[in-house]
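# Results of the structural survey
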Amino acid sequence: MSEQLKGRPVAKAIYNEVRTALEKAATTPCLHVLMVGDDPASQYYVGNISKRAAKVGINVEVESLPADVSRQALLQRIEALNADAAVHGVMVQKPLPSHIDTAIVDAAVNPAKDVDGAHPLNVGRLALDRETLVPATAQAVLEILRHYGIHTAGRNVTILGRSAVIGRPLANLLLYKNEPGNATVTVCHSRTRDLAAETRRADILVAAIGRPRFVSADMVREGTVVIDVGVNQIEEGGASVYVGDVDYTTVTIKASAITPVPGGVGTVTTACLVRNVYYAWQRMKKIDR
Ligand code: NAP
């Protein structure tokens, strides 16, 4: 049976780091969240961020806009928040309604306040290994590896999924000449020819595809470290439950270590997002001086 890589101790260490730094600086940074429409999953995620942020001394303002808000009205709100010196982080919660182009919104947020790390400038800086704001989920995977002393240098890391929020930024981070980093990275997607052959080569396997229990035991080599990023809501036994992209029950027998869902990557993602607000505040202070 494998070691369970729980997210809670990792998140706790991050919250402690942020709380201590903010107490020392005697400041309360502010994150402003724009929510378009009333997606329940988004409301839950943002509610959780607000609760966690408050505990470490970060103020979160949540502003709800109607689902039919025009692109222009949304961009005007972003502009106003970009210019507001009392706001240190700006987050536009996704998914956005289909009449609003996400790429345009990402590029409209001031890169210095872009706590989602989605602005093209920040994406480019990440690819070039320069200081930047990094998407929280990709950070969370690295934090788990670091916390549990799982080395990546020279090892084969296979990532399932090439999205802009997880697969791509994570691949970049794992290529850094750091620890964690220095990995040999393979990124798979829906057009990968023999997925199981790729996953079986992995020393560390990261699943981020949004397919419930997709990764089965026969896709995993004995002793692999498995990081399950997936969060999928399914109906089972007459109840609604959350499961990962990995078939936990069978894969845990072969893996040397595995993250649970829930209670794994997601828990740490919230902490990394909260820490990004602190990082944004810190960078703003540097610019002020
Ligand atoms: P996404 O944008 O839909 O991307 C999914 C990726 O998986 C795509 O690259 C897609 O390939 C690939 N894919 C889909 N089906 C596949 C298959 N059968 N075989 C191989 N590759 C396949 O999703 P996302 O936003 O990255 O999210 C992925 C998962 O992570 C979801 O379950 C989401 O809920 C979860 N998530 C978790 C956290 C957390 O904190 N734990 C945060 C964010 C998201 P193509 O590019 O070829 O289409």
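## Describing the overall build of the chain
- Scanning the chain for helices and strands turns up 10 helices and 11 strands.
- For the chain, whose C-alpha radius of gyration is 19 Å, the value lies close to the compact-globule estimate of 19 Å for 289 residues.
- Evaluated residue by residue, the chain yields a buried proportion of 48% over its 289 residues.
- In the chain, 72% of the contacts between residues at least 6 apart in sequence involve partners at least 24 apart.
- A distance of 5 Å separates the average location of the 32 positive side-chain charges in the chain from that of its 29 negative side-chain charges.

## Here's the deal with the pairing of strand 10 (residues 239–243)
- Here five bridges tie strand 9 (residues 232–236) to strand 10, and the two strands are oriented antiparallel to one another. Its bridge partner being in strand 10, E235 is matched across the sheet by S240.
- Where strand 9 folds back onto strand 10 in an antiparallel hairpin, the turn is made up of two residues, including G237, whose phi is positive at roughly 55 degrees.

## Digging into the site of the ligand
- The full set close to the ligand counts 21 residues, and R162, S163, S190, V229 and T269 are the nearest of them.
- Contacts to the ligand include R162, whose side-chain N or O atom sits 2.7 Å from an oxygen atom.
- Residue V231 places a main-chain N or O atom 3.1 Å away from an oxygen atom belonging to the ligand.
- A total of 930 Å² of accessible area belongs to the ligand in isolation, and the protein chains cover 69% of it.
- At three residues, helix 10 (residues 265–288) tops the list of elements feeding residues into the shell around the ligand.
- Its residues assigned to classes, the shell around the ligand shows nine nonpolar, 10 polar and two charged.

## Comments concerning the side chain of H88
- Among the structural elements, H88 can be located in the loop between helix 3 (71–83) and strand 4 (89–92).
- H88 gets classed as buried once you look at its relative accessible area, which sits at 11%.
- In contact with H88, not counting residues within four places along its chain, are P29, C30, A112, K113, A280, W281 and M284.

## Quick look at the domain arrangement of the chain
- Segmentation of the chain into domains returns domain 1 (26–110) and domain 2 (136–266).
- Here the C-alpha centroids of domain 1 and domain 2 sit 28 Å apart.

## A closer look at the pairing of strand 8 (residues 225–228)
- Taking every second residue as pointing to the same face, both faces of strand 8 are buried, with V225 and I227 on one and V226 and D228 on the other.
- Note that strand 7 (residues 204–207) and strand 8 share four bridges and pair parallel. Paired with A207 across the two strands is D228, which belongs to strand 8.
- Both strand 8 and strand 11 (residues 257–258) contribute to a ladder of two bridges, which runs parallel.

## Section: the packing of helix 6 (residues 136–147) against helix 7 (residues 167–175)
- Here helix 6 crosses helix 7 at 40 degrees, and the two axes come no closer than 8 Å. Classified by the interaxial angle, the pair formed by helix 6 and helix 7 is oblique. Both helix 6 and helix 7 take part in a crossing whose hand is right-handed. Contacts between helix 6 and helix 7 involve A138, Q139, V141 and L142 on the former and, on the latter, P169, L170, L173 and L174.

## Focus on the packing of aromatic side chains
- Across all of its chains, the model carries two aromatic pairs by this definition.
- Each ring, one from Y278 and one from Y279, has its centre 5.9 Å from the other, and the planes form 40 degrees; the classification is tilted.
- Y279 sits in the partly exposed class, given a relative accessible area of 26%.
- A centroid spacing of 6.1 Å and a plane angle of 20 degrees characterise the contact between Y278 and W281, whose relative ring orientation is stacked. Of this pair, Y278 and W281 both sit in helix 10, three residues apart, which is roughly one turn of the helix. With respect to burial, Y278 and W281 carry one shared label: buried.
- An aromatic cluster is defined as three or more aromatic residues linked by ring pairs; in this entry it consists of Y278, Y279 and W281.

## Things to note about the environment of T184
- Inspection of the secondary structure puts T184 in strand 6 (residues 184–188).
- Each C-alpha atom, one on T184 and one on I58, is 37 Å from the other, the two residues being 126 residues apart in sequence.
- With residues near it in sequence (within four places) discarded, T184 still touches G154, R155, N156 and V157.

Cut-offs applied
Residues numbered from 1 in each chain as written. Predicted model: local features only at pLDDT ≥ 70, side-chain atom pairs only at ≥ 80, totals over all residues. Heavy atoms only, no water. Helix = DSSP H or I, 4+ residues; strand = E, 2+ residues; numbered from the N terminus. Rg over C-alpha atoms; globule rule 2.2 N^0.38 Å. Buried < 20%, exposed > 50% of the residue type's maximum accessible area, 1.4 Å probe, protein only. Contact = heavy atoms within 4.5 Å. Lys, Arg positive; Asp, Glu negative; His and termini not counted. Charge placed at Lys NZ, Arg CZ, Asp CG, Glu CD. Pairing = 2+ DSSP bridges. Near = heavy atom within 4 Å. Polar contact = N/O pair within 3.5 Å; in protein donor to acceptor, adjacent residues only side chain to side chain. Areas by Shrake-Rupley, 256 points an atom, 1.4 Å probe, with all protein chains shown as cover. Nonpolar A, V, L, I, M, F, W, Y, C, P; charged D, E, K, R; others polar. Domains from an automatic or database assignment. Axes fitted to C-alpha atoms, helices over the stretch in contact; angles between N-to-C directions. Parallel < 35°, antiparallel > 145°, perpendicular 65-115°, else oblique. Left-handed = near helix turned anticlockwise from the far one by under 90°. Phe/Tyr/Trp six-rings, centres within 6.5 Å; stacked < 30°, edge-to-face > 60°.

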